[in-house]
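Coordinate inspection notes
For reference, the chains in residue letters:
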Amino acid sequence: MKKLLLLICLLGLLPTITYADSAYSIRHKDHIRQDYEIHVDFPNFDGLKNKHLEEEVNEEIKTVLEKSINQTQKAGEESVGFPVLYYGESIVVEEEQFYSVVMTANITRGNQYHSTVQSINFENEKDGVFLTLDEVAHMDKLNEQVKKKLGSDPETFNAQGFQGIRKDTAFYIKGNKLTLVFDKYEVASGVFGTPEITIPYDLVEKDKPLHKKSVPVPKVV
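Here the structure is a predicted model, which is why all the values come from computation and not from measurement.

**So, the pattern of salt bridges**
- Summed over all chains, the structure comprises six salt bridges.
- In this structure, Arg-166 and Asp-183 form a salt bridge, with 3.8 Å as the shortest nitrogen-oxygen distance. Taken as a pair, Arg-166 in the loop between helix H3 (139-152) and strand S8 (170-174) and Asp-183 in the loop between strand S9 (177-181) and strand S10 (196-200) lie far apart in primary sequence, 17 residues in all.
- Overlapping salt bridges, with partners in common, bring together Arg-166, Asp-168, Asp-183 and Glu-186 in one network.

The structure is reproduced here in structure tokens:
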């Protein structure tokens, strides 16, 4: 897992950081105005085996960033007396040929601080495709395991307020474990940030759907 501390910009791209033998490089964006600030690093994939999928992945990353940037700009224009700050943070997790880009948007408005997390998950294969949470895990089994985890640590988690796992809950797979990454306040108080819950993958694993064996699918939303 490589953590990409994001500092970045709309003004132009700074020199790109490239990791040896990596399928991606890191780009940076920064944009500072009186009413808002944007700081972000993000991966740009240039070494995937499926070039069509590579284009789709980069476009989806761009779409996620643009949404947060637009929200920040709009909030900044409407704010009075304080700037709005957007700090973007990403990690890329590799498990053999399965890749996850986990993107966290931290947006601060005065004394209000909120973080949301999204993941883009795909296979780095010649016929690689995007894969969603409900395509790699049985959601009923996953919900059952998450409820057990929440209930086992009431000092950290709010089990009573749990509404079930969203199909777009951010996730990654590493070391035969599936980790869910929740938004701030979603399953715990704000002091715990964006909490993670890890489940043994073999307890919830689901076979990849046959229709996704060889045909790339449109980008996730």
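Having seen the structure, we can now continue with the description.
**Let's talk about the nonpolar core**
- Core analysis: the largest hydrophobic core is formed by 27 residues, its most contacted members being Phe-45, Val-57, Ile-61, Tyr-86, Val-101, Ile-120 and Phe-122.
- A per-element tally of this core places helix H1 (residues 51-78) first, with seven residues.
- Leaving out residues up to four positions away in the same chain, Ile-120 has contacts with Glu-60, Ile-61, Val-64, Tyr-99, Ser-100, Val-101, Met-103 and Phe-130.
- Phe-157, Ala-188, Ile-197 and Ile-199 belong to the second largest nonpolar core, which has 24 residues in total.

**Comments concerning the pairing of strand S3 (residues 24-32)**
- Alignment of S3 against strand S4 (residues 36-45), held across nine bridges, turns out to be antiparallel. Among the inter-strand pairings, Ile-26 is bridged to a residue of S4, identified as Pro-43.
- Linkage of S3 to S4, two consecutive antiparallel strands, is achieved through a turn of three residues.

**Regarding the sheet that holds S9**
- The strand order across the open sheet built from three strands is S8-S9-S10, with neighbouring strands paired in antiparallel fashion. Bordering the open sheet on either side are S8 and S10, each of which pairs with just one other strand. Taking each pair of neighbouring strands and ignoring which way they run, the sheet shows an average axis angle of 20 degrees.
- Each of S9 and S10 is contacted by H3, which is oriented at about 125 degrees to S10, the strand it contacts most.

**Some points on unusual backbone geometry**
- For Asn-176, which is not a glycine, the phi torsion comes out positive at approximately 60 degrees.
- Judged by its relative accessible area of 43%, Asn-176 falls in the partly exposed class.
- The backbone phi angle of Tyr-185 is positive, close to 75 degrees, even though this residue is not glycine.
- Mapped onto the fold, Tyr-185 is located in the loop between S9 and S10.

**Considering the side chain of Asp-41**
- You can see Asp-41 is positioned in strand S4.
- Here Asp-41 occupies a buried position and makes no salt bridge, while the nearest side chain of opposite charge, Lys-29, is found at 10 Å.
- A distance of 2.5 Å separates the side chain of Asp-41 from the side chain of His-28, its partner in a polar contact.

Thresholds, definitions, all that
Residues numbered from 1 in each chain as written. Predicted model: local features only at pLDDT ≥ 70, side-chain atom pairs only at ≥ 80, totals over all residues. Heavy atoms only, no water. Salt bridge = Lys/Arg side-chain N within 4 Å of Asp/Glu carboxyl O. Helix = DSSP H or I, 4+ residues; strand = E, 2+ residues; numbered from the N terminus. Core = buried A, V, L, I, M, F, W, Y, C linked by side-chain atoms within 4.5 Å. Buried < 20%, exposed > 50% of the residue type's maximum accessible area, 1.4 Å probe, protein only. Contact = heavy atoms within 4.5 Å. Pairing = 2+ DSSP bridges. Axes fitted to C-alpha atoms, helices over the stretch in contact; angles between N-to-C directions. Lys, Arg positive; Asp, Glu negative; His and termini not counted. Polar contact = N/O pair within 3.5 Å; in protein donor to acceptor, adjacent residues only side chain to side chain.

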